[in-house]
Amino acid sequence: MIDIPESSIMKDGINYKYYINGKWEESNSGKLISVHNPYNNELVGNVQPCTKEEVDNIIKIARENIDCWRETPLNERAEVLNKAADLIVEWSKPLGYLLMKEIGKPINSAISEITRTAEIFKATADSSLQLSGETILGDAFEGFSKEKVSMTYRVPLGVILCIGPFNYPFNLTGSKIAPALLAGNTVVMKPPTQGPLTALHFGIILEKVGVPPGVFNIITGRGSEIGDYLTNHPGIDMIAFTGSSKIGKHLAKVAGMKPLLLELGGKDAAIILDDADLDNTVKAIVSGAFSYSGQRCTAVKRVLPMPGIVDKLLRKVTEETLKLSIGDPSENKNIGPLISSEQCEYVQGLIDDALKKGATLICGNKREGNIFWPTILDNVTTDMRIAWEEPFGPVLPFIRINSAEKAIEISNKSEYGLQGMIFTDNIDLAFNIAQELEVGTVQINGKSARGPDHFPFLGTKSSGLGTQGIKYSIEAMSRPKVVVMNLSERGKLVKQCFVLDK
Ligand code: NAP
Ligand code: G3P
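Describing the site of ligand 1
Thinking step 1. Ligand 1 sits among 31 residues. The nearest are Thr193, Gly223, Ser244, Leu264 and Glu390.
Thinking step 2. In this structure, threonine 193 approaches ligand 1 through a side-chain N or O atom, which is 2.5 Å from an oxygen atom.
Thinking step 3. Glycine 243 places a polar main-chain atom, nitrogen or oxygen, 3.2 Å from an oxygen atom of ligand 1.
Thinking step 4. The site holding ligand 1 turns out to be the largest pocket.
Thinking step 5. Listed by contribution, the elements that provide at least two residues to the shell around ligand 1 are helix 9 (223-231), strand 10 (238-242) and helix 10 (245-255).
Thinking step 6. For the shell around ligand 1, the leading source of residues is helix 9, giving 5 residues.

Brief notes about the sheet that holds strand 14 (residues 360-363)
Thinking step 1. Spatial ordering of the open sheet is given by 14-17-18, a layout of 3 strands whose pairing is mixed. With partners counted over all chains shown, the strands left at the sheet margins are strand 14 and strand 18 (395-397), one partner each. Neighbouring strand axes in the sheet, compared pairwise and without regard to direction, differ in orientation by 25° on average.
Thinking step 2. Note that strand 14 and strand 17 (residues 375-378) share 3 bridges and pair antiparallel. For cysteine 363, the partnering residue across the bridge sits in strand 17 and is isoleucine 376.
Thinking step 3. Taken strand by strand, helix 13 (residues 341-356) contacts strand 14, strand 17 and strand 18, and its axis lies near 25° from that of strand 17.

Remarks on the environment of glycine 369
Thinking step 1. Among the structural elements, glycine 369 can be located in the loop between strand 15 (367-368) and strand 16 (371-372).
Thinking step 2. The exposed category is assigned to glycine 369, whose relative accessible area is 52%.
Thinking step 3. When the C-alpha atoms of glycine 369 and serine 340 are compared, they prove to be 9.3 Å apart, with 29 residues separating the residues in sequence.

Structural notes on the site of ligand 2
Thinking step 1. Around ligand 2 sit Arg116, Asn167, Tyr168, Leu172, Arg296, Cys297, Thr298, Ala449 and Arg450, and those are all the residues in its vicinity.
Thinking step 2. Between ligand 2 and asparagine 167, the relevant distance is 2.9 Å, taken from an oxygen atom to a side-chain nitrogen or oxygen of the residue.
Thinking step 3. Assessed atom by atom at 2 Å from the grid points, ligand 2 resides in the second largest pocket.
Thinking step 4. In terms of residue class, the shell around ligand 2 is made up of 4 nonpolar, 2 polar and 3 charged.
Thinking step 5. Counting only domains with at least three residues in the shell around ligand 2, you end up with domain 1 (15-264 + 463-479) and domain 2 (269-453).

Some words on a negative patch on the surface
Thinking step 1. Together, Asp274, Asp275, Asp277 and Asp425 make up a negatively charged patch on the protein surface.
Thinking step 2. Summarising the element assignment, aspartate 274 is placed in the loop between strand 12 (268-272) and helix 11 (278-290).
Thinking step 3. Residue classification places aspartate 274 among the partly exposed residues on the basis of a relative accessible area of 39%.

Here we look at the pairing of strand 3 (residues 33-36)
Thinking step 1. Residues Ile33 and Val35 point to one face of strand 3 and are all buried, whereas Ser34 and His36, pointing to the other face, are not buried.
Thinking step 2. Where strand 3 meets strand 4 (residues 43-47), 4 bridges bridge the pair, whose relative direction is antiparallel. Each bridged residue has a counterpart across the sheet, and for isoleucine 33 the counterpart in strand 4 is valine 47.
Thinking step 3. Remark: 6 residues form the turn of the hairpin made by strand 3 and strand 4, two consecutive strands paired antiparallel; asparagine 41 in that turn has positive phi of roughly 65°.

Focus on the pairing of strand 21 (residues 441-444)
Thinking step 1. Of the pairings in the sheet, the one linking strand 20 (residues 419-423) to strand 21 comprises 4 bridges and is parallel in character. Directly across from glycine 420, in strand 21, lies its bridge partner valine 442.
Thinking step 2. In terms of handedness, the path from strand 20 via helix 15 (residues 427-436) over to strand 21 forms a crossover that is right-handed.

Re helix 1 (residues 52-64)
Thinking step 1. With 13 residues, helix 1 extends 18 Å from end C-alpha to end C-alpha; this agrees with the ideal 18 Å at 1.5 Å per step.
Thinking step 2. Looking at the buried positions of helix 1, the neighbouring elements they touch are strand 1 (18-20), helix 2 (66-71), strand 7 (159-163), strand 8 (186-190), strand 9 (216-218) and helix 9.

Side note on the domain arrangement of the protein
Think of interface size as the accessible area that goes away when the parts come together; that is how it is often given.
Thinking step 1. Domain annotation for the protein reports domain 1 (15-264 + 463-479) and domain 2 (269-453).
Thinking step 2. Each partner contributes to the interface: domain 1 provides 26 residues, whereas domain 2 provides 24 residues.
Thinking step 3. If you look at where domain 1 meets domain 2, you find 2 salt bridges.
Thinking step 4. With a shortest N-O distance of 3.5 Å, lysine 249 and glutamate 415 are connected by a salt bridge.
Thinking step 5. Joining domain 1 to domain 2, the criterion identifies 11 residue pairs in polar contact (both at pLDDT 80 or more).
Thinking step 6. For the side of domain 1 that touches domain 2, the secondary structure elements donating two or more residues are helix 4 (92-103), helix 5 (107-126), helix 6 (171-182) and helix 10.
Thinking step 7. Among the elements that make up the side of domain 1 that touches domain 2, the one with the highest residue count is helix 5 (5 residues).

Section: the state of the cysteines
Here a disulfide denotes a covalent bond joining the sulfur atom of one cysteine to the sulfur atom of another.
Thinking step 1. In the structure shown here, the tally under the stated rule is 0 disulfides.
Thinking step 2. Here cysteine 363 is not disulfide-linked; the sulfur of cysteine 344 is the nearest cysteine sulfur, at 17 Å.

Some details on the sheet that holds strand 6 (residues 148-156)
Thinking step 1. The strand order across the open sheet formed by 3 strands is 5-6-26, and the pairing between neighbours is antiparallel. At either margin of the open sheet sits one strand with a lone partner, and together these are strand 5 (135-137) and strand 26 (478-486). Adjacent strand axes in the sheet meet at a mean angle of 25°, parallel and antiparallel pairs treated alike.
Thinking step 2. Bridge count for strand 5 against strand 6 is 3 bridges, and the pairing is antiparallel. Each bridged residue has a counterpart across the sheet, and for isoleucine 136 the counterpart in strand 6 is serine 150.

Some points on empty space enclosed by the protein
Thinking step 1. Enumeration according to the criterion identifies 3 cavities of 30 Å³ or more in this entry.
Thinking step 2. Its volume calculated, the largest cavity comes out at about 100 Å³.
Thinking step 3. Lining the largest cavity are 13 residues, with Ser175, Asp453, Gln468, Gly469 and Ile470 positioned closest to its centre.
Thinking step 4. Only helix 5, helix 6 and helix 16 (470-476) provide two or more residues apiece to the lining of the largest cavity.
Thinking step 5. Tallied by class, residues from the lining of the largest cavity come to 6 nonpolar, 5 polar and 2 charged.
Thinking step 6. A domain-level breakdown of the lining of the largest cavity finds at least three residues from each of domain 1 (15-264 + 463-479) and domain 2 (269-453).
Thinking step 7. Of the pockets and cavities examined, the second largest cavity occupies roughly 80 Å³.
Thinking step 8. Lining of the second largest cavity is provided by 15 residues; of these, Ala269, Arg302, Ser411, Gln419 and Val439 occupy positions nearest its centre.
Thinking step 9. Elements that contribute at least two residues to the lining of the second largest cavity include exactly strand 12, helix 14 (404-413), strand 19 (416-417) and strand 20.

Calculation notes
Residues numbered from 1 in each chain as written. Chains lettered and ligands numbered in written order. Predicted model: local features only at pLDDT ≥ 70, side-chain atom pairs only at ≥ 80, totals over all residues. Heavy atoms only, no water. Near = heavy atom within 4 Å. Polar contact = N/O pair within 3.5 Å; in protein donor to acceptor, adjacent residues only side chain to side chain. 1 Å grid on protein atoms, 1.4 Å probe; cavity = no way out; pocket = protein on both sides within 12 Å on 5 of 7 lines; lining within 4 Å. Sits in = over half its atoms within 2 Å of the grid points. Helix = DSSP H or I, 4+ residues; strand = E, 2+ residues; numbered from the N terminus. Pairing = 2+ DSSP bridges. Axes fitted to C-alpha atoms, helices over the stretch in contact; angles between N-to-C directions. Contact = heavy atoms within 4.5 Å. Buried < 20%, exposed > 50% of the residue type's maximum accessible area, 1.4 Å probe, protein only. Nonpolar A, V, L, I, M, F, W, Y, C, P; charged D, E, K, R; others polar. Domains from an automatic or database assignment. Patch = residues over 30% accessible without salt bridge, like charges linked within 9 Å, V, L, I, M, F, W, Y side chains within 5 Å. Areas by Shrake-Rupley, 256 points an atom, 1.4 Å probe, with all protein chains shown as cover. Salt bridge = Lys/Arg side-chain N within 4 Å of Asp/Glu carboxyl O. Lys, Arg positive; Asp, Glu negative; His and termini not counted. Charge placed at Lys NZ, Arg CZ, Asp CG, Glu CD. Right-handed = clockwise from strand over helix to strand, strands pointing away. Expected span 1.5 Å × (residues − 1). Disulfide = S-S within 2.5 Å. Points joined across faces, edges and corners; volume = space filled by probe spheres on them.

Structural data, given as structure tokens:
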């Protein structure tokens, strides 16, 4: 238990409760789901799978509090986010330490995830003035006069369901909670089952900064058990989801007419032209591919190098990869554990398939417990699974190409379309290639990444639906309300242009 005051969040120092209407409650399910440290398998805590009746009750409470929160002045809604940001920073070390234990993220990255969330809260509060509308006069169209006036302002959608992934369980729930609350919605959050504990602390944080009971609520439980019930629930007005493409697509089918914001999987490809700056490119590839052991949707997941640079690039990338430290996340080693043994087995299957089909192992392909050594495969061809599947692990395939056209073809053939990268000194050419790539974002001479968090962040194809990012999320979690004034013609001041004598 981290030394955060007033945390009645647990029953007995290990069993966490769920959060409804400002209270921490025990579930009637009588069951527990254990959360183990993926590095050493120590028990970090237990959460309770909420029953469907408890889900109904939580959503009912959230609905009952829509009006009170919507009517809370915008500046007050923004102020609680600012206060929450300050508290998150104050508690960033204990929260970061808990996060490291539950998902195996290197401690410095874990603490950065917490402080980054505070920045999102603050930036969202600062964006409150964005919640505005426009006024339009009707006479732009024939048959209509200035007396028909359209006035719009933005209103909340109602109850927003925020579902986060295991790899950023605090940041990618917080990045949904903040805009949802600012826009005047109430929130039901379901954290990932592997990594729920740190996100549960949003209950303490938001209560402490003055969010009224019932405005923010937390459901715990396996998505495979209550996910469909939640996403199909008539009391949910909008769903903001981050997770795998498989689950995201399923959720979209179940959710029906609800507005969705889906941030899903990726297979981001780095196109390396012969004139790329080698040092910058190597740094971006190694960091992009192996941060948090490749467990990032925006990880560099394919390298498409041209013939003139491939050999020196492969040599330098390998040199730098072999320097990465491996081991205990609490010692801030670069390469820590994957989230589960199953994930390690999946990654191993991709490597075995590639090697069987003729890929060249350059380094890695070694596992101890859930630690998987960073693995580089050369001569990867498009008949291999690793060319197309998202490993969510430290595996980097080099798919050699001989033209920019070929690079575009292979990039676009992916079912994913999150981000792409082009490394070259020829910015004009880079811009032209960027226009051909079917992705949400193209990075020129940089690694794929979501941040900074006020940038638009989106995926095409299987990588997502809608756009995340401070102002984009606020927009996605609100809608225009239109009021049309039909003013009387009686009040019209008749003014005519002087007709000049011809
Ligand atoms: P996941 O298995 O899809 O789970 C994501 C969330 O969905 C979890 O909270 C999960 O709950 C929940 N869930 C599972 N089944 C559900 C259902 N039927 N209905 C509603 N929710 C359900 O993904 P993950 O393993 O946590 O995260 C890794 C994946 O997320 C990767 O594919 C990665 O690319 C993607 N990701 C994308 C982004 C992005 O911004 N584009 C960011 C991070 C991660 P449980 O934990 O209880 O199963
Ligand atoms: O997978 C998490 C996704 O949101 C990427 O975030 O900041 O590591 O690029 P980032």
